[in-house]
Amino acid sequence: MLTAVDIRRLISMPDAIAAVRAAFVDLAAGEFTQPTRLSFGGGRALVMSAYHAGSGAAVVKTLSVELDRSPAILGTLVWSSATGQLVADAIEVTTMRTGAVSGVATDLLAAPDATRLAVLGAGAQAADQVRAVAAVRPLASVTVYSRTSSRASALISALRKEFPAIEFTLSGTADEAVSSADVVCCATSASQPVFDASALPENVHVNAIGSYLPSMRELPESLLASARVVVVDEAEACLEEAGEIIHAVSTGSLKRDSLVELGSALAEPPGVGGRTVFKSVGVAAQDWALARLLAQGS
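Let us look at the structure shown here. Remember, it's a predicted structure, so these values are computed and weren't measured experimentally.

**Structural notes on the overall build of the protein chain**
The helix and strand tally for the protein chain stands at 11 helices and 14 strands. Its C-alpha radius of gyration of 18 Å places the protein chain within 12% of the 19 Å reference for a compact globule of 298 residues. Overall size of the protein chain, expressed as C-alpha extent along the three principal axes, is 50 × 45 × 40 Å. When burial is assessed residue by residue, the protein chain has 53% of its 298 residues classed as buried. The contacts of the protein chain with a sequence gap of at least 6 include a subset with a gap of at least 24, amounting to 69%. Placing the 22 positive and 30 negative side-chain charges of the protein chain at their respective mean positions leaves the two points 4 Å apart.

**Re the pattern of salt bridges**
Side chains that differ in sign of charge can pair as their charged atoms come close. Tallied over the entire structure, the rule returns 14 salt bridges. Ionic pairing is found between Asp182 and Arg116, a salt bridge with its closest N-O pair at 3.0 Å. Here Asp182 is found in the loop between α6 (174-178) and β10 (183-186), whereas its partner Arg116 is found in strand β7 (residues 116-120), with 66 residues between them in sequence. A salt bridge links Arg131 to Asp128; its shortest N-O distance comes to 2.9 Å.

**As for the side chain of Glu244**
In this fold, Glu244 is placed in helix α9 (residues 243-251). Among residues more than four places away in sequence, those in contact with Glu244 are Ser211, Met216, Arg217, Glu218, Leu219, Leu224 and Lys279.

**Some words on the packing of aromatic side chains**
By the definition in use, this model includes 2 aromatic pairs. Consider the rings of Trp79 and Trp288, whose centres lie 5.7 Å apart with planes at 50 degrees: the pair is tilted. Of this pair, Trp79 sits in strand β5 (residues 73-81) while Trp288 sits in helix α11 (residues 284-297), and the two are 209 residues apart along the sequence. In terms of burial, Trp79 and Trp288 fall into one category: buried. What links up through ring pairs into an aromatic cluster is the set Phe32, Trp79 and Trp288.

**So, helix α5 (residues 149-162)**
Every α-helix winds through 3.6 residues per turn, so residues three or four apart in the chain are directed the same way. Over its 14 residues, α5 runs 20 Å from end to end, which matches the ideal 20 Å to within 8%, given 1.5 Å per residue. Three or more residues of α5 are buried, namely Ala152, Leu155, Ile156 and Leu159. End-on, the buried residues of α5 take up no more than an arc of 100 degrees, which puts them together on one face. Where α5 is buried, its residues touch α4 (126-136), β8 (141-145) and β9 (167-170).

**Topic: the packing of helix α2 (residues 13-28) against α4**
Two elements in contact, α2 and α4, have axes separated by 9 Å at closest approach and are oriented at 80 degrees. With respect to their mutual orientation, α2 and α4 come out roughly perpendicular. In this structure, α2 uses Met13, Pro14 and Ile17 to contact α4, whose residues at the interface are Asp128, Arg131, Ala132, Ala135 and Val136. Here the residues of the contact of α2 with α4 are counted per class, giving 6 nonpolar, no polar and 2 charged.

**Looking at the pairing of β7**
The element β7 is extensively covered by neighbouring structure, given that 4 of its 5 residues are classed as buried. Looking at chain direction, β7 and β8 are connected through 5 bridges and run parallel. Within the sheet, the bridge partner assigned to Arg116 lies in β8 and is Ser141. Following the backbone out of β7, through α4 and into the adjacent parallel β8, one traces a crossover that is right-handed.

**Some details on the nonpolar core**
Counting 53 residues, the largest nonpolar core has Ile11, Val20, Phe24, Leu262 and Leu294 as the members making the most contacts within it. For this core, the leading source of residues is helix α3 (residues 90-109), giving 10 residues. Leu120, Ala177, Leu223 and Ala242 belong to the second-largest nonpolar core, a separate cluster that totals 32 residues.

**Thoughts on the environment of Ala124**
Structurally, Ala124 can be placed in the loop between β7 and α4. Classification of Ala124 by relative accessible area gives exposed; the value is 65%. Measuring from C-alpha to C-alpha, the distance between Ala124 and Ala208 comes to 14 Å, with 84 residues separating the pair along the chain.

**Points about the sheet that holds β7**
Strand order in this open sheet of 8 strands is β9-β8-β7-β10-β11-β14-β12-β13, and the pairing throughout is parallel. This sheet does not close on itself; its edge strands, each paired only once, are β9 and β13 (260-261). Of the strand pairs in this sheet, β8 and β9 are connected by 4 bridges, and their pairing is parallel. Of the residues in β9, the one forming a bridge with Val144 is Leu170. Taken strand by strand, α4 contacts β7, β8, β9 and β10, and its axis lies near 165 degrees from that of β7.

Rules behind the numbers
Residues numbered from 1 in each chain as written. Predicted model: local features only at pLDDT ≥ 70, side-chain atom pairs only at ≥ 80, totals over all residues. Heavy atoms only, no water. Helix = DSSP H or I, 4+ residues; strand = E, 2+ residues; numbered from the N terminus. Rg over C-alpha atoms; globule rule 2.2 N^0.38 Å. Buried < 20%, exposed > 50% of the residue type's maximum accessible area, 1.4 Å probe, protein only. Contact = heavy atoms within 4.5 Å. Lys, Arg positive; Asp, Glu negative; His and termini not counted. Charge placed at Lys NZ, Arg CZ, Asp CG, Glu CD. Salt bridge = Lys/Arg side-chain N within 4 Å of Asp/Glu carboxyl O. Phe/Tyr/Trp six-rings, centres within 6.5 Å; stacked < 30°, edge-to-face > 60°. Expected span 1.5 Å × (residues − 1). Arc of directions from axis to C-beta. Axes fitted to C-alpha atoms, helices over the stretch in contact; angles between N-to-C directions. Parallel < 35°, antiparallel > 145°, perpendicular 65-115°, else oblique. Nonpolar A, V, L, I, M, F, W, Y, C, P; charged D, E, K, R; others polar. Pairing = 2+ DSSP bridges. Right-handed = clockwise from strand over helix to strand, strands pointing away. Core = buried A, V, L, I, M, F, W, Y, C linked by side-chain atoms within 4.5 Å.

Keep in mind these values describe shape, not function.
In structure tokens:
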């Protein structure tokens, strides 16, 4: 079984971003058979799978999620192809591929000269959000906000060693953190929006990857209603699992047919400028993309 250390040794964030980008292009082209994620016990157990027609390879991932546990997520990933099988730690794959998809969306939607990142949340997903945005934009500063300031401080301390040229700052509030950002990454388990849309600059790109249940909401409804474009990883998955998308559609603030899937947006880029949003609940094609890199490198 490939460990977290193995995975980091075999895959760089730029390679992960390129692989995830290619997988979404294939997803839009119909190359994947990707059943809806199975969720049990109110999201405490998850099963995701995908089959890629062109390669004949498949991936299955199982996760156990307990937000009060450390680590909150445990799981296993299995990759199967004509040449054999690979088993890997699903947690490292999940955090890395989630970062990578934010990297893909940021590269597509954020201003080319974006230098200021705000990260809301300091849990397991946060570091790879920074790594991914730093891989596609020339970051000069990162502001971190978390309800638990000690976790935010620990995250900043670790990232300063990894990115000595970037200035890291701890923010006292989420609104303050996003107020001067070019890019925002939300990585929380919040059940209510974590910032007010009025706190955002007029030109900003927002990634939201934390919420994955109908009861969870990171983004304010007014942002989804007013954003120039709302891109999602997969419309069907977000309409079933993403609380902020479900809520905004149910109130009429967001039109269901206005959602743009990432694969389609990569084929026809919507451009940059204004407020743009990317919402991801995570799809198995992302896991497949990283598993393929592991199989090639191991």
